[in-house]
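Commentary on secondary and tertiary structure
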Amino acid sequence: MPGSSVSIIEVDKYFGDFHVLKNVSLEIEENEFFSLLGPSGCGKTTLLRIIAGLEDVDDGDVLLDDKSILNLPPNKRPVNTIFQNYALFPHLSVYENIAFPLRLKKFSESEIKRRVDWLLNLVRLEEHAQKKPSQLSGGQKQRVSLARALANEPKVLLLDEPVSALDAKLRQELLIELDNLHDRVGITFIYVTHDQAEAISISDHVAVMNSGVVVQYGTPYEIYESPADTFVANFIGESNLMKGDVVEILSDEYIVVEFPSFGRVICYRDKPVKVDDTVLITLRPEKIRIMHNKPTPSDGVPGNVVHGIVDEVIYMGYQTKYFIKTDEGYILKVYKQHVSYLLDERIIKWKDEVFLYWNPDDSFIVEVEEN
Amino acid sequence: MTSKHERDEVLSSGSGYEKYGSIYLIWLVIFFVIPVIVILAYSFLTRDYQGGIILKFSLQGYKDIFNLNYLTVFIRTVIISFISAAICILIAVPVSYYIVYSKLKNFLLLLVIIPFWTNSLIRIYAWIFILGNNGLINQLLLNSGIVNSYVKFIYNNAAVLLILVYTYLPFAILPLFSSIERLEKQLFEAAMDLGCTKRQVFFKVLLPNIKQGIVSAFVFVFIPALGTYAVPELVGGKNSRLIGNEIARQLTIARNWPAAAAISSILLILTIIAVIVFIYGGEKRETR
């Protein structure tokens, strides 16, 4: 079943005086896995409900394959929704829940059975067909609601935080299952979540929303590696955000920034700046290398070296999170991935003196205040 | 071991509930179970013509009611109770739904409960004041010249039905309100999303999920309506006497206490059968 493209065109939505969606425009390609990511209250669920037809817009248009669907009621749209709390019909068995949309369409009993059996197989719930929703676990309930939503063969599947009610391990499993399901049914998925890890792990494209505005649109790599502003940098993954003044322009690519509590470092010049501008620099904790011995600059690659003392160690098995106090007293987050057997190494411990090293490309400007 | 001791104390404090429970049990036995047994016993004793009974076994009470041909009264009682329960549910389902999703939910619930603060006799007299031959509506109709002589709104079965529905509607609204409130609103959205029209949402999702509430509402109206006395007494006509009125008549006017007890016993058994049928029927459908 082929999916549809969805176009959101300059949509405005108010709840009373509250401006929930502010002139939102988005292009969602056919058959892609698209995520709407943002904190609670950013308008992402409202946008999903508008596509489903459960909310009206105050202005703007929603197109499905270039045709407006705004005047269609929810039951006439080739779009189905997975609700956060499953919304299974408690009075019907698993089989009857999945058959529900098919019975509405008055399919023959044998056709209903053929389709429901196929869907039960798709979500691996064959042996639970006769159970009531109350007898299922959270993950099973969500798989029933998936099968039920797919029964109508929608062009677009809308998923409203479908895994957020599950525990961490199950969440991972269901995400992988969703990804496989997307590959198998090949329709457009629009996935709403506040969990950045979920969004960047399975999406083709992500739109980051904040306060009713799309603040960044792009592939997961673009969103993570090149956040558009402070909000995105903070919201997606973790980062060290530092405010400093530009003291020297090295080239088109690099600048020297002086941080009051940090010293001078070389940063990537991804935005036009001049000397004396105040800039906000972001640096991902996993991009910093941590070592006992001072690194010797080799083959002319400019690098930043900072000296500090280990202030906090959080060992997590696959990685260790260090909080390093620089000589000036600033705390930098540094995450070290353990790619080798740790016990053979000289392990970095609390109170150790360490050197931090990173490539200037990894510290870049997110915001500029001109002086 | 202090900790074990403390734990035992905490656990045994649960029996406090049992103490309170036993008080209620004693209350029920004294004021409900024993009177019911007395009524059952009276129905098998001999009539004393002064009123009261003579302690001698007799089936005359039951024979009297068959002779008096109460079958029509019984049937009328069941039909009127059934219709008023049905009307109450027809009104209460949409009303409860509206209240659950209203912004004024608490205020509207208060309005439903407020009539309980007033004596039911006074409320029936209020209806007489409104609907009576010299009542408010008739005055208006006469003064405005729409009718020439008063319209007989009360002293008939319709008036009995109207006031039964009015009296027992809150008993239907409250259980339906709680069963609709328990349902997630997303169920209705999911149903629309899956292709239901609004009508189909009502019949395929809302109704099946509030079956238990409908059964409770029906029982809460039907059962008290079976035993109603004051309403037909005050606003009923010659042909709207119900079982409750006959019991009172046998007790006070005919002074046939065994017969009154016999009618009460039959009503009691009918009621118990009705409750079992409704509740068991409702549960059976629920677990299918």
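Procedures and definitions
Residues numbered from 1 in each chain as written. Chains lettered and ligands numbered in written order. Predicted model: local features only at pLDDT ≥ 70, side-chain atom pairs only at ≥ 80, totals over all residues. Heavy atoms only, no water. Helix = DSSP H or I, 4+ residues; strand = E, 2+ residues; numbered from the N terminus. Buried < 20%, exposed > 50% of the residue type's maximum accessible area, 1.4 Å probe, protein only. Lys, Arg positive; Asp, Glu negative; His and termini not counted. Salt bridge = Lys/Arg side-chain N within 4 Å of Asp/Glu carboxyl O. Polar contact = N/O pair within 3.5 Å; in protein donor to acceptor, adjacent residues only side chain to side chain. Contact = heavy atoms within 4.5 Å. Buried area = accessible area lost by both parts, 1.4 Å probe. Phe/Tyr/Trp six-rings, centres within 6.5 Å; stacked < 30°, edge-to-face > 60°. Lys NZ or Arg CZ within 6 Å of the ring centre and 35° of its normal.

Now for the side chain of A:R284. Residues and elements named next belong to chain A. Of note, R284 is situated in the loop between strand 14 (278-283) and strand 15 (289-291). Look at R284: it is buried, it has no salt bridge, and the nearest opposite charge is E286 at 5.0 Å. A distance of 2.7 Å separates the side chain of R284 from the backbone oxygen of Y224, its partner in a polar contact. Non-local contacts of R284, meaning those with residues more than four positions away in its chain, are made with I223, Y224, P227, A233, I236, G237, E238, S239 and N240.

Each side of the interface is counted separately: chain B has 19 residues, and chain A has 23 residues. With both sides pooled, the region where chain B packs onto chain A buries about 1,800 Å², and carbon together with sulfur makes up 55% of that total. The largest contributions to the chain B side of the interface with chain A come from B:Q186, B:D193 and B:L194, which together make up 38% of the buried area. If you look at where chain B meets chain A, you find one salt bridge. We note a salt bridge from A:R49 to B:E189, for which the minimum N-O separation is 2.6 Å. Our count for the chain B to chain A interface comes out at ten residue pairs in polar contact (both at pLDDT 80 or more). Secondary structure elements with two or more residues in the side of chain B that touches chain A: helix 9 (185-193) and helix 10 (198-209) of chain B.

Most of helix 2 (residues 94-104) of chain A sits inside the fold, with nine of its eleven residues counted as buried. Looking at helix 2 of chain A, one finds that the buried residues are A:V94, A:Y95, A:N97, A:I98, A:A99, A:F100, A:P101, A:L102 and A:L104. Those residues of helix 2 of chain A that are buried are in contact with helix 3 (109-122) and helix 4 (138-151) of chain A together with helix 9 and helix 10 of chain B. Trailing helix 2 of chain A by a residue or two, A:K106 shows a phi angle of about 60°, which is positive.

We now examine the pattern of salt bridges. Here the structure, examined in full by the defined rule, presents 23 salt bridges over all chains. For A:R143, the salt bridge is made with A:E177, and the minimal N-O distance between the two is 3.3 Å. One end of the pair, A:R143, is in helix 4; the other, A:E177, is in helix 5 (residues 168-185), and 34 residues separate them in sequence. Of the two residues, A:R143 and A:E177, both sit in the buried class. With its nearest N and O atoms 3.6 Å apart, the salt bridge here joins A:D277 to A:K274. Connected through salt bridges with shared partners, the residues A:K13, A:R49, A:E55 and B:E189 form a single ionic network.

For the coordinates displayed, the defined rule picks out 20 aromatic pairs over all chains. Consider the rings of B:W27 and B:F31, whose centres lie 4.8 Å apart with planes at 50°: the pair is tilted. Of the two residues, B:W27 and B:F31 are both situated in helix 2 (residues 15-42); the distance of four residues between them amounts to about one turn of the helix. Since its relative accessible area comes to 53%, B:W27 is described here as exposed. Geometrically, the ring pair formed by B:Y97 and B:F188 is tilted, given 5.9 Å between the ring centres and 55° between the ring planes. Of this pair, B:Y97 sits in helix 4 (residues 71-100) while B:F188 sits in helix 9, placing them 91 residues apart in sequence. Under the relative-accessibility criterion, B:F188 is labelled buried at 6%. These aromatic residues form a ring-pair network of at least three members: A:F33, A:F189 and A:Y191. The ring of A:F89 carries the charged tip of A:R148 above its face, separated from the ring centre by 4.7 Å.

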